[in-house]
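Inside the fold
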Protein chains: 2
Amino acid sequence: MIKVDVKQQAQLAQKASKGLALLATEQKNEALSILADALERETAYILVENKKDLEAGKEKGFTEAFMDRLQLTEARVKDFATGLRELIHLDDPVGDSLASWTLDNGMKVDQIRVPLGVIGMIYEARPNVTVDATGLALKSGNAIVLKGGSNALHSNQAIVKVMHEALNDTDIPVDAVQLIATTDREATGQLFTMKEHIDVLIPRGGGSLINTVVNNATVPVLETGVGNCHIYIDKDADKEKALNILINAKTDRPAVCNAAETVIVHSEWLKENKEELIAAFNEHNIQVHGDDKAVEAIPGAVPATEKDWAEEFLGLAIAVKVVDDVQGAIDHIEEYGTKHSEAIITENKMAAAAFMNQVDAAAVYHNASTRFTDGSALGFGAEIGISTQKLHARGPMGLPALTTTKYCMTGDGQIR
Amino acid sequence: MIKVDVKQQAQLAQKASKGLALLATEQKNEALSILADALERETAYILVENKKDLEAGKEKGFTEAFMDRLQLTEARVKDFATGLRELIHLDDPVGDSLASWTLDNGMKVDQIRVPLGVIGMIYEARPNVTVDATGLALKSGNAIVLKGGSNALHSNQAIVKVMHEALNDTDIPVDAVQLIATTDREATGQLFTMKEHIDVLIPRGGGSLINTVVNNATVPVLETGVGNCHIYIDKDADKEKALNILINAKTDRPAVCNAAETVIVHSEWLKENKEELIAAFNEHNIQVHGDDKAVEAIPGAVPATEKDWAEEFLGLAIAVKVVDDVQGAIDHIEEYGTKHSEAIITENKMAAAAFMNQVDAAAVYHNASTRFTDGSALGFGAEIGISTQKLHARGPMGLPALTTTKYCMTGDGQIR
């Protein structure tokens with residue numbers, strides 16, 4: 001196991017962040033372009049190193065999904081470069097004035113966006129996050145300390161080596177990108193409490209990784225979370241909209257956080273539309289885990305367990321709950337939702353308003369799919385994650401979520 | 001020691017927060033007015049209960065400053081009522097639309113402000129915080145769980161009893177205000193990890209209280225911090241502005257967080273203006289703790305210790321550091337500042353720009369006193385504290401800091 005000096009790396013990042021924060025948008029954009037070119041140029045090297053991770057992973061017997069996320073190809077490295085080049089076209093939030101006013105005494109107040117400083121990124125064995133997160137951090141003027149899953153260590157080292165060499169030809173200090181290159185778990189723990197040098201931790205991955213960070217960190221955390229999302233089909237739901245949205249939210253990409261995991265169905269709607277609902281489930285091979293009424297109504301449904309209500313299936317299965325009014329749906333979501341994305345399908349404005357006002361989530365939908373909770377779908381261009389916390393940023397987080405503000409006061413000798 | 005069921009109280013607050021979040025501004029304003037009237041009406045009762053705390057405090061031999069903060073008078077209770085009535089005139093942030101756009105597919109996106117939910121307030125033996133924090137929480141649609149210093153328990157119980165009785169005559173659920181009425185320290189600890197029921201913790205008080213919360217909480221914390229503020233008098237500082245601002249920032253209210261604790265003086269300015277600076281220190285009885293050059297220049301100055309540079313004096317003492325350029329000032333602030341409020345006094349635009357851009361703090365000043373870092377001075381009307389953290393809110397926090405946002409999507413069957 002390689003020993004690394006996490007504190008020193010964080011200090012180097014912090015020092016580099018000072019210069020980086022002062023760069024002009026053009027300087028940062030030029031650097032992103034140079035990084036993109038370098039990654040493309042060094043694809044062969046990156047793939048050779050990635051193969052080492054893949055072979056070790058095969059020996060360890062990881063799942064197919066895990067191996068797929070770990071695997072790089074020429075096309076995927078090209079996607080990295082494309083992603084970095086897309087950042088060039090996004091507005092730079094740094095320097096934006098959020099508010100500006102003059103006090104009666106003549107002192108001018110200007111609230112401007114400034115970079116957070118140093119971002120600590122803690123993530124699983126997904127080399128794409130190494131590039132995505134670095135690009136977002138640099139564009140928003142932040143240094144970054146990367147701690148990716150140990151099983152992607154060779155891939156991450158190769159990617160960061162290429163980026164470091166490329167940064168030499170830019171105005172961004174090379175030290176602004178730090179990879180904690182070790183399989184030592186203690187190294188990650190050190191990041192949790194390095195408040196002096198790291199301004200924010202962003203965990204990206206499964207629930208247990210996120211909980212470990214949240215429970216152990218004294219550095220502030222931007223929590224990106226699990227989405228146990230619900231579609232509520234109201235008594236007054238339009239049949240076609242309801243089935244379209246349900247199937248889209250469940251099957252378009254079942255493994256992502258904005259996919260639907262439970263459908264709550266009004267008993268009267270179910271009675272009238274039972275056959276079509278069953279046909280839709282069958283057509284898309286969706287396994288139903290239902291409450292008593294759903295099991296009775298839907299052939300092949302199995303009784304839902306507490307875990308089925310509370311956790312994501314992340315596959316072609318869905319929990320079905322039957323309620324008698326919108327309040328029943330709101331209460332169920334209150335109990336089991338993860339405050340990510342929740343939808344009501346109805347033509348009834350009163351029911352829609354009750355749902356939209358009372359459901360506590362980052363995004364609430366009336367007659368649309370939960371799949372739109374996504375930075376690129378909403379037009380943010382890129383996202384560092386989807387926040388399910390309430391402080392700082394809620395929902396998809398674009399570049400502004402990686403900034404803070406500073407009050408700049410200009411006076412002429414004003415005192416209180 | 002009274003045992004309390006902290007979890008149950010937090011649950012009651014959470015339940016109450018649901019209804020409170022939906023109230024109209026007028027309903028909340030009417031409630032604030034009723035609370036204000038009740039506190040005034042019950043002044044005698046509150047003072048009798050406060051006397052119990054004062055007598056216990058006297059026996060325990062608390063400092064004069066501590067006793068002063070604990071003591072209530074008819075005038076102070078009147079101030080409570082006035083504070084609540086002032087909140088009525090502030091804009092209600094709940095329901096504000098921060099951004100709104102329509103996707104190409106016709107789905108409408110609206111990002112609106114909503115209450116955080118339940119605020120956990122942890123503070124010292126200052127009964128005024130009980131009223132101030134409750135007022136701010138209720139106006140912004142939040143329930144509040146109060147845990148004030150044990151030495152103010154009788155006062156806080158009396159205040160909350162009066163507020164509870166008054167809430168019966170309002171649309172705000174009585175359970176929206178919870179006092180953890182115990183001297184049991186474990187009760188406070190329970191609040192730290194009650195993520196299911198409390199949305200944010202706000203510690204208000206000295207450094208050790210804040211650190212205890214930050215280090216032990218898994219609930220997100222809004223950190224209000226210590227202000228080790230600096231005034232840098234540049235080579236090109238105007239003498240009159242420099243002395244006015246320095247004396248104002250040091251002496252106007254030495255015990256508050258936006259008071260100056262260190263003055264950094266350019267060596268050339270010091271040489272030219274030494275006599276006036278010494279006269280100003282003497283006139284205001286300011287004890288100087290200096291570096292070698294300052295001790296040499298200023299009669300009566302004692303050598304500054306590491307603690308003098310790093311911590312607040314909160315009284316009529318100041319650390320004096322002599323530097324040879326603006327970078328020396330920036331570096332000193334980088335090392336010892338607490339990212340609160342920092343000022344440069346200069347007529348030189350280049351020096352001012354370097355300082356304003358490079359110093360990392362909630363508020364940076366050019367030719368004005370650090371004393372303006374304050375919600376009421378900046379026109380926010382009221383503040384829950386001054387944030388020295390970078391996430392969510394930075395600097396004085398008014399009502400909007402007690403809200404989060406929610407994306408409300410309105411569609412017509414849109415899928416991805």
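Treat the numbers as computed from the prediction; the structure is a model and nothing was measured. (Residues numbered from 1 in each chain as written. Chains lettered and ligands numbered in written order. Predicted model: local features only at pLDDT ≥ 70, side-chain atom pairs only at ≥ 80, totals over all residues. Heavy atoms only, no water.)

1. So, the overall build of chain A
- A tally of helices and strands in chain A yields 15 helices and 16 strands.
- Overall size of chain A, expressed as C-alpha extent along the three principal axes, is 70 × 65 × 35 Å.
- With 416 residues in all, chain A has 57% of them scored as buried.
- Within chain A, contacts between residues at least 6 apart in sequence are counted, and of these 72% link residues at least 24 apart. (Helix = DSSP H or I, 4+ residues; strand = E, 2+ residues; numbered from the N terminus. Buried < 20%, exposed > 50% of the residue type's maximum accessible area, 1.4 Å probe, protein only. Contact = heavy atoms within 4.5 Å.)

2. A few points about the interface of chain A and chain B
- Contacts between the two partners involve 68 residues from chain A and, on the opposite side, 67 residues from chain B.
- Summed over both partners, the interface of chain A with chain B comes to about 5500 Å²; 56% of that surface belongs to carbon and sulfur atoms.
- Interface area lost by chain A to chain B is led by Leu391, Tyr407 and Arg416 of chain A, which between them contribute 15%.
- Where chain A meets chain B, there are ten salt bridges. (Buried area = accessible area lost by both parts, 1.4 Å probe. Salt bridge = Lys/Arg side-chain N within 4 Å of Asp/Glu carboxyl O.)

3. Here we look at helix α7 (residues 153–167) of chain B
- In a regular helix each residue adds 1.5 Å, so 15 residues correspond to 21 Å; α7 of chain B covers 20 Å between its end C-alpha atoms and thus fits that length.
- All of the buried residues in α7 of chain B are Leu153, Ser155, Asn156, Ala158, Ile159, Val160, Val162, Met163, Ala166 and Leu167 of chain B. (Expected span 1.5 Å × (residues − 1).)

4. Quick look at the pattern of salt bridges
- Scanning the entire structure with this criterion turns up 42 salt bridges over all chains.
- Lys241 of chain A is the partner of Asp412 of chain B in a salt bridge, and the nearest nitrogen-oxygen pair spans 2.9 Å. Placement of the pair is Asp412 of chain B in strand β16 (residues 403–414) and Lys241 of chain A in helix α10 (residues 239–251), with the two residues belonging to separate chains.
- Under the relative-accessibility criterion, Lys241 of chain A is labelled buried at 16%.
- Measuring nitrogen to oxygen at the nearest pair gives 3.0 Å for the salt bridge that ties Glu49 of chain B to Lys52 of chain B. Here Glu49 of chain B pairs with Lys52 of chain B, and both are found in helix α3 (residues 43–60), just three residues apart, close to one helical turn.

5. So, the relation of the copies chain A and chain B
- It takes a turn of 180° to lay chain A on chain B, together with a shift of 0.0 Å along the axis; the resulting RMSD is 0.0 Å. Taken together, the rotation angle and the small translation identify this as a two-fold axis. Among all C-alpha atoms of chain A, that of His392 of chain A lies closest to the rotation axis, at 1.7 Å.
- Take the interface residues of chain A: 99% of them recur as interface residues in chain B, which is what a same-surface contact looks like. (Least-squares fit on C-alpha atoms with pLDDT ≥ 70 in both.)

6. Let's talk about the packing of aromatic side chains
- Considering all chains together, one arrives at ten aromatic pairs over all chains under this definition.
- Arranged with centres 6.3 Å apart and planes meeting at 50°, the rings of Tyr407 of chain A and Phe380 of chain B form a pair that is tilted. Taken together, the residues Tyr407 of chain A in strand β16 (residues 403–414) and Phe380 of chain B in the loop between β13 (363–368) and β14 (385–387) connect one chain to another.
- Among the aromatic residues, those joined into a ring-pair cluster are Trp101 and Tyr407 of chain A together with Phe380 of chain B. (Phe/Tyr/Trp six-rings, centres within 6.5 Å; stacked < 30°, edge-to-face > 60°.)

7. Let's talk about the UniProt feature "domain: Aldehyde dehydrogenase" (unreviewed entry) in chain A
- Mapped onto the present numbering, the UniProt feature "domain: Aldehyde dehydrogenase" (unreviewed entry) falls at residues 4–288 of chain A.
- The span residues 4–288 of chain A shows a helical share of 52% and a strand share of 16%, and its end C-alpha atoms are spaced 49 Å apart. (UniProt positions renumbered as here; feature names shortened; annotations may be inferred.)

8. As for the pairing of strand β4 (residues 143–147) of chain A
Residue and element names in this part refer to chain A.
- In terms of residue burial, β4 counts as a mostly covered element, since five of its five residues are buried.
- With five bridges joining them, strand β3 (residues 118–123) and β4 adopt parallel strand pairing. Its bridge partner being in β4, Ile122 is matched across the sheet by Lys147.
- Once you follow β3 into helix α6 (residues 127–139) and on to β4, the crossover reads as right-handed.
- In terms of strand pairing, β4 meets strand β5 (residues 177–179) through three bridges, oriented parallel. Bridge pairing in β5 links Ile144 to Val177.
- As a crossover connection, the stretch from β4 through helix α7 (residues 153–167) into β5 is right-handed. (Pairing = 2+ DSSP bridges. Right-handed = clockwise from strand over helix to strand, strands pointing away.)

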